[in-house]
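Results of the structural survey
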Amino acid sequence: MPESFEVLGHLYRFATKGDVFLLSIGVLAAVTHGASFPVLAVLFGRMVDSFLVALKDSEKPRTTTEAAEPLLETIPNEADSIWTQLGLSTSTEANQPLDEATETVVDCMSRYSIYFFFIGLAVLGAAFIQTMCWELACERQVHRLREKFFSQILRQNIAWHELNEEGSLTTKLSDDLERIREGIGSKLGMVTQYLTTFVVGMVVGLIVNWQLTLCLLPFSPILIGSTAFMAKLATWSAAREQLKHGVAGSIAKEVLNSVRTIAAFNGEPHAISRYEAALEESRKVAMATYYKIAMCLTIVNFCKYAQYGVALFVSSLFIRAGYCTPGSVFMVFLSVLSGAFTLGDAFPYYTAVGTALGAASTIFSVIERAPEIDSASRHGLKPHNVEGRIVFHDVSFSYPSRANKPVNCFRGYNTLLVYHKCYVRS
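1. Looking at helix 12 (residues 268–321)
Compared with an ideal rise of 1.5 Å per residue, which puts 54 residues at 80 Å, helix 12 spans 78 Å between its outermost C-alpha atoms and is within 8% of the ideal. Backbone geometry just downstream of helix 12 places Gly-322 in the positive-phi region, at approximately 85 degrees.

2. Quick look at the packing of aromatic side chains
All told, the structure shown has five aromatic pairs when counted by the stated rule. Where Phe-14 meets Phe-364, the ring centres are 6.4 Å apart and the plane angle is 15 degrees; that geometry is what we call stacked. With Phe-14 in the loop between helix 1 (3–10) and helix 2 (17–56) and Phe-364 in helix 14 (residues 347–367), this pair connects stretches of sequence that are 350 residues apart. Look at Phe-44 and Phe-330: their rings are 5.6 Å apart centre to centre, the planes differ by 75 degrees, and that puts the pair in the edge-to-face class. Here Phe-44, found in helix 2, pairs with Phe-330, found in helix 13 (residues 326–345); they are 286 residues apart in sequence, far enough to count as distant.

3. A short note on the pattern of salt bridges
Tallied over the full model, the rule gives seven salt bridges. Its salt-bridge partner being Arg-181, residue Glu-178 comes within 2.8 Å of it at the nearest N-O pair. Residue Glu-178 and its partner Arg-181 are located together in helix 7 (residues 166–184), separated by three residues, close to a single helical turn. Note that Arg-283 and Glu-280 form a salt bridge whose closest N and O atoms lie 2.7 Å from each other. Taken together, the residues Arg-283 and Glu-280, both in helix 12 and three residues apart, mark about one turn of the helix. Look at Glu-280 and you get partly exposed, because its relative accessible area is 31%.

4. Looking at the packing of helix 8 (residues 186–208) against helix 14
With their axes 9 Å apart at the nearest point, helix 8 and helix 14 run at an angle of 130 degrees to one another. It follows that helix 8 is oblique to helix 14 by the angle criterion. Where helix 8 crosses over helix 14, the handedness of that crossing is left-handed. Contacts from Lys-187, Leu-188, Met-190, Val-191, Tyr-194 and Leu-195 of helix 8 reach helix 14 at Tyr-349, Tyr-350, Ala-352 and Val-353. Across the contact of helix 8 with helix 14, the residue classes tally to nine nonpolar, no polar and one charged.

5. Digging into helix 8
With 23 residues, helix 8 extends 32 Å between its outermost C-alpha atoms, agreeing within 8% with the 33 Å of an ideal straight helix rising 1.5 Å per residue. Turning to helix 8, its buried residues number three or more, namely Leu-188, Gly-189, Val-191, Gln-193, Tyr-194, Thr-196, Thr-197, Phe-198, Gly-201, Met-202, Val-204 and Gly-205.

6. A look at the nonpolar core
Core analysis: the biggest nonpolar cluster contains 56 residues, and Leu-11, Tyr-12, Leu-145, Ile-180, Ile-184 and Ile-363 have the highest contact counts within it. Per-element accounting of this core gives the leading share, 10 residues, to helix 14. Listed in part, the six residues of the second largest apolar core include Ile-251, Val-255, Ala-271 and Ala-278.

7. Some details on the environment of Gln-152
Here Gln-152 is to be found in helix 5 (residues 100–155). As for Gln-152 and Val-366, which are separated by 214 residues in sequence, their C-alpha atoms are 6.9 Å apart. Contacts of Gln-152, omitting those with residues within four sequence positions, involve Val-366, Ile-367 and Arg-369. Of note is the side chain of Gln-152, whose polar atom sits 3.1 Å from the side chain of Arg-155.

Basis of the calculations
- Residues numbered from 1 in each chain as written.
- Predicted model: local features only at pLDDT ≥ 70, side-chain atom pairs only at ≥ 80, totals over all residues.
- Heavy atoms only, no water.
- Helix = DSSP H or I, 4+ residues; strand = E, 2+ residues; numbered from the N terminus.
- Expected span 1.5 Å × (residues − 1).
- Phe/Tyr/Trp six-rings, centres within 6.5 Å; stacked < 30°, edge-to-face > 60°.
- Salt bridge = Lys/Arg side-chain N within 4 Å of Asp/Glu carboxyl O.
- Buried < 20%, exposed > 50% of the residue type's maximum accessible area, 1.4 Å probe, protein only.
- Axes fitted to C-alpha atoms, helices over the stretch in contact; angles between N-to-C directions.
- Parallel < 35°, antiparallel > 145°, perpendicular 65-115°, else oblique.
- Left-handed = near helix turned anticlockwise from the far one by under 90°.
- Contact = heavy atoms within 4.5 Å.
- Nonpolar A, V, L, I, M, F, W, Y, C, P; charged D, E, K, R; others polar.
- Core = buried A, V, L, I, M, F, W, Y, C linked by side-chain atoms within 4.5 Å.
- Polar contact = N/O pair within 3.5 Å; in protein donor to acceptor, adjacent residues only side chain to side chain.

See below:
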């Protein structure tokens, strides 16, 4: 299994059986929603061919405008329909029988209108179920993730808290978890929907008119590669941005908690310069990412509109040569090109998922860390009564954040701790 899919599945490690059931229903609804547009493209293409067949089978050769005039004349306006219901209509044209071609067109429109109506109902239900299931499963998991992350913070030993400042922990508890919530909720469902539209659109295009579809396929690797690179770039930059923002947040918290002392010693300029330096590092990372994303979006949009130009030119040649019908061209246009467009339209959702993966790396590093002194461990000896002798002899230690600066406060002293007693000797 690719590493990206393993990491994506790692986001759902706290999912219960109920969450898995909701996610399964949400994926099914997203696939149904995504496949609806290529299905509509097939129906629309067949409807166009039916119109053309009806016009071709008419009694005399007519242009499209002339063939549509009898149909327009037989449709009464609202006022005529009211007078007709009252039996007072003086119009003789409304009672004229429809010709064979017009009847065929009307029957075709009625039949396909019913198809479109029921597909619209199916899409409405699928979109509602998709959003509901993804959001419910997301909120349930994020709630458990917050509880687990907070309990793991309390579980860590003092040395770990010495190296991790309060501000960065609160930033992770709020911002990072919020980004995870955005990435594993309905936005991931939208990614599933758009990928389904792309895949089903390509399959429909190859079945309907493989020659025209093959002319458009060379653009697909460029679109997929650019989109995948943008998603990977968003994942990579999210972790670095969160690290830089955590440093800036810890500085702000430190300054605000000691604002009286800083003001008393006129330390505002130094505090501002520290905060600005931390924000500048974060800005450099973000701007470098956005420059690369802008170039990728330029390539994606160029390929999208280049596909339009190639499709229009090649389809005109195929229709003239008799290799395809106008209806099949509509099918390929609406299925293949719309599927390619979804790769670019889904970029904000790819970014949200990539950002969630980057933020999850910092969250799960805390959750998975086992402290050297584990207060929550159930292993080890559990004596009922503790009575012993503890001796501190010539003690020297250092803080984890300042390992090169030892503290020699007990150098030259021996301390004996006995039950209810304490002796100190130099």
